[in-house]
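Examination of the molecular architecture
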Amino acid sequence: MQTEIEIKFFVASNIQPELSNLLNSLEIKESSQQQLGNVYFDTPTLALRKLEMGLRIRRCDAFAEQTIKCRGQVVGGLHARPEYNAPVSGDLPTLSAFLDEIWPTLTERDHIQHQLVAQFRTDFLRRYWLIAFEGAEIELAWDQGEIVGSQGSTNINELELELKSGDTTALFALAQRLAKLGGLRLGAQSKAQRGYRLAGLGKPLALQALVASEDIESMTGISEGLRHWQHHEQLWLDHLQDKGVQQQAFDALRQGVDLIVRCAATLPQPAPWLHALTSLQTHLQIRPNEHDEWPAELADLFLYPAYVELQLAIVAWLHHAA
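Residues numbered from 1 in each chain as written. Predicted model: local features only at pLDDT ≥ 70, side-chain atom pairs only at ≥ 80, totals over all residues. Heavy atoms only, no water.

**Section: the packing of helix H6 (residues 218-238) against helix H10 (residues 305-321)**
Basically, it comes down to this: Angles shown run from 0 to 180 degrees and are taken between the N-to-C directions of axes, each axis being a line fitted to C-alpha atoms and, for helices, limited to the stretch in contact. Helix and strand assignments follow DSSP, with helices taken as H or I runs no shorter than four residues and strands as E runs no shorter than two, numbered in order from the N terminus. Should the near helix be turned counterclockwise from the far one by less than a right angle, the crossing is left-handed, whereas a clockwise turn marks it as right-handed. Here a residue-residue contact requires only that any non-hydrogen atoms of the pair lie within 4.5 Å. Polarity classes work like this: nonpolar for Ala, Val, Leu, Ile, Met, Phe, Trp, Tyr, Cys and Pro, charged for Asp, Glu, Lys and Arg, and polar for all others, with Gly in that last group.
Where H6 meets H10, the closest approach of the two axes is 11 Å, and the angle between their N-to-C directions is 145°. Of the two possible hands of crossing, H6 and H10 adopt the one that is left-handed. Between H6 and H10, the contacting residues are Met219, Ile222, Ser223, Leu226, Trp229, Gln230 and Glu233 on the first element and Tyr307, Leu310, Gln311, Ile314, Val315, Trp317, Leu318 and Ala321 on the second. Here the contact of H6 with H10 is composed, by residue class, of 11 nonpolar, three polar and one charged.

**A few points about the packing of aromatic side chains**
Our working rule: Stacked, tilted and edge-to-face are the three classes applied to pairs of Phe, Tyr and Trp rings, where Trp contributes its six-membered ring and a pair requires centres within 6.5 Å; stacked means planes under 30 degrees apart, edge-to-face means over 60, and tilted covers the rest. Per-residue accessibility, obtained with a 1.4 Å probe over protein chains only, is compared with the maximum for each type, and a residue is labelled buried under 20%, exposed over 50%, and partly exposed between these values.
Counted by the stated rule, this structure contains seven aromatic pairs. Ring centres of Trp229 and Tyr307 lie 5.7 Å apart, and the angle between their planes is 80°; this geometry places the pair in the edge-to-face category. Taken as a pair, Trp229 in helix H6 and Tyr307 in helix H10 lie far apart in primary sequence, 78 residues in all. With respect to burial, Trp229 and Tyr307 carry one shared label: buried. Taking 5.7 Å as the distance between ring centres and 45° as the angle between the ring planes, the aromatic pair formed by Phe302 and Tyr307 counts as tilted. Classification of Tyr307 by relative accessible area gives buried; the value is 1%.

**Section: the packing of helix H8 (residues 274-285) against H10**
In helix packing, the relevant descriptors are the interaxial angle and the interaxial distance, both defined with respect to the helix axes. For clarity, the threshold we go by: Angles are sorted into four bins: roughly parallel if under 35 degrees, roughly antiparallel if over 145, roughly perpendicular if 65 to 115, and oblique for all others.
Where H8 contacts H10, the two axes come as close as 10 Å, and the packing angle between them is 130°. Between H8 and H10, the angle falls in the class oblique. For H8 against H10, the interelement crossing comes out left-handed. Listed contacts from H10 to Ala276, Leu277 and Leu280 of H8 are Tyr307, Leu310 and Ile314. Class assignment of the residues belonging to the contact of H8 with H10 gives a composition of six nonpolar, no polar and no charged.

**Describing helix H7 (residues 243-264)**
Spacing of three or four residues puts side chains on the same side of an α-helix, whose turn is 3.6 residues. Short version of the rule: Given a helix with a known number of residues, its expected span is that number minus one, times 1.5 Å. Side-chain atoms alone can form a polar contact between residues adjacent in sequence; in general such a contact is a pair of N or O atoms within 3.5 Å, and within protein one must be able to donate a hydrogen while the other accepts it.
Under the 1.5 Å per step criterion, the end-to-end length of H7 is 31 Å for 22 residues, consistent within 8% with the ideal 32 Å. Looking at where H7 begins, the residue whose side-chain oxygen comes 3.1 Å from the main-chain nitrogen of Gly244 is Asp242.

**As for unusual backbone geometry**
For Glu52, which is not glycine, the phi dihedral falls at a positive 60°. The residue Glu52 is located in the loop between helix H2 (47-50) and strand S3 (54-60) in this model. One non-glycine residue, Asp61, lies in positive phi territory at about 55°. Mapped onto the fold, Asp61 is located in the loop between S3 and strand S4 (63-69). The exposed category is assigned to Asp61, whose relative accessible area is 79%.

**Considerations on the nonpolar core**
Going by this rule: For this analysis, a nonpolar core means a set of buried residues of the types Ala, Val, Leu, Ile, Met, Phe, Trp, Tyr and Cys, connected via side-chain atoms within 4.5 Å.
Formed by 67 residues in total, the largest nonpolar core has its most connected members in Phe9, Leu159, Ile222, Trp229, Trp273 and Leu277. Ala47, Ile68, Cys70 and Tyr84 belong to the second largest nonpolar core, which has 18 residues in total.

**Concerning the environment of Phe133**
Residue placement: Phe133 occurs in strand S7 (residues 117-133). By relative accessible area, which is 8% here, Phe133 ends up buried.

**Quick notes on helix H4 (residues 168-179)**
Taking 1.5 Å of rise per residue, the 12 residues of H4 would be expected to cover 16 Å, and the 16 Å separating its terminal C-alpha atoms lies within 8% of that figure. Looking only at H4, the buried set comprises Thr168, Ala170, Leu171, Phe172, Leu174, Ala175, Leu178 and Ala179.

**What to know about the confidence of the model for the protein**
Close inspection of predicted coordinates is inappropriate for parts of the model with low pLDDT. The condition that has to hold: For every residue, the predictor assigns a confidence score, pLDDT, that lies between 0 and 100.
On average, residues of the protein carry a pLDDT of 93, and 97% of them reach 70 or more. By mean pLDDT, strand S5 (residues 73-75) is the weakest element of the protein at 74, and helix H3 (residues 106-115) is the strongest at 98.

**With respect to the pattern of salt bridges**
Going by this rule: Each salt bridge in this description consists of a side-chain nitrogen of Lys or Arg and a carboxyl oxygen of Asp or Glu lying within 4 Å of one another.
This model, assessed by the stated rule, comprises 22 salt bridges. Ionic pairing is found between Glu158 and Lys191, a salt bridge with its closest N-O pair at 2.8 Å. Of this pair, Glu158 sits in strand S9 (residues 152-165) while Lys191 sits in helix H5 (residues 191-198), placing them 33 residues apart in sequence. Shared partners join several salt bridges into a network, and the residues in it are Lys8, Arg126, Asp143, Glu158, Glu160, Lys191 and Arg194.

**Things to note about the pairing of S7**
The cut-off we apply is this: Here a strand pair is declared whenever DSSP counts at least two bridges between the two strands.
Sheet analysis places strand S2 (residues 27-42) next to S7, joined by 15 bridges and oriented antiparallel. Each bridged residue has a counterpart across the sheet, and for Leu36 the counterpart in S7 is Phe124. Pairing of S7 with strand S8 (residues 136-149) involves 13 bridges; the strand directions are antiparallel. Within S8, the position partnered with Thr122 by the bridge is Ile147. What sits between the antiparallel neighbours S7 and S8 is a turn of two residues, in which Glu134 has the positive phi angle 50°.

**What about the side chain of Thr168?**
Mapped onto the secondary structure, Thr168 falls in helix H4. Within the local environment of Thr168, its side chain forms a polar contact with the side chain of His319, the two groups lying 3.3 Å apart. A polar contact is formed between the side chain of Thr168 and the side chain of His320, at a distance of 3.1 Å. When near neighbours in sequence (up to four residues on either side) are disregarded, Thr168 contacts Ile5, Leu163, His319 and His320.

Structure, rendered in structure tokens:
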């Protein structure tokens, strides 16, 4: 078992020249590229999803491996989940190849085994670099391809930084370097989450109410505010043709930012990102002018390096304060 700790970015523009320049400035220990095919499995009643597990078979040339990811944590774009890998032969995963203790009972495991069916697939080209950075080894992967389900398909264009060894401080520092390239957003949604929706097995993103009492604990409030902010950022982007939904999403996004500011104000020591967040809060509350430091259009703001760096700074602060 290993705990996968990674930061995911969605790529929204051509970053090839800027990324090449960044890579040329770093110590690359190895690099490669592979065409990967992945099939995700669950039962018709989504028993694995209810256990907060994700199961796939990944193939590359003659290589095949089954992976199960267990319940983890997503804060902003930081993903941390226990994962287990095992060789596989045939078209279906073999659940008995994984440790017994990850299952509620072995009877339930065997019941799931007999009902497994393929639900959706992801196919993408992965370009990979292993980077030595600030005493750590970090894998940078650029995935480009598509997710295919029974109800359609969608593109994959993601950068993922995974910590292979060393401290997460280095992971966040390299992520900040990437954010400066522009054209990137922090990605809180996994390929599997998007795939379940395309298979008609997951609810579409929808407006959410922010449930936060006046006496909410500071750390909890900041984490919840960030989740609310990023959820409605994605909702705004998913409804570019529906101005009504966009306005509701924008209002909810501001609620998330406001909650973080309110909770941060109660901290015994000021958070290092509070000044930048307060500036963004003001920008979102008033009509921007030509002298504003933030872009006026939300589509531009969501890809603005300082905006992405601010979200990253909050994620890093939450991670290290936990």
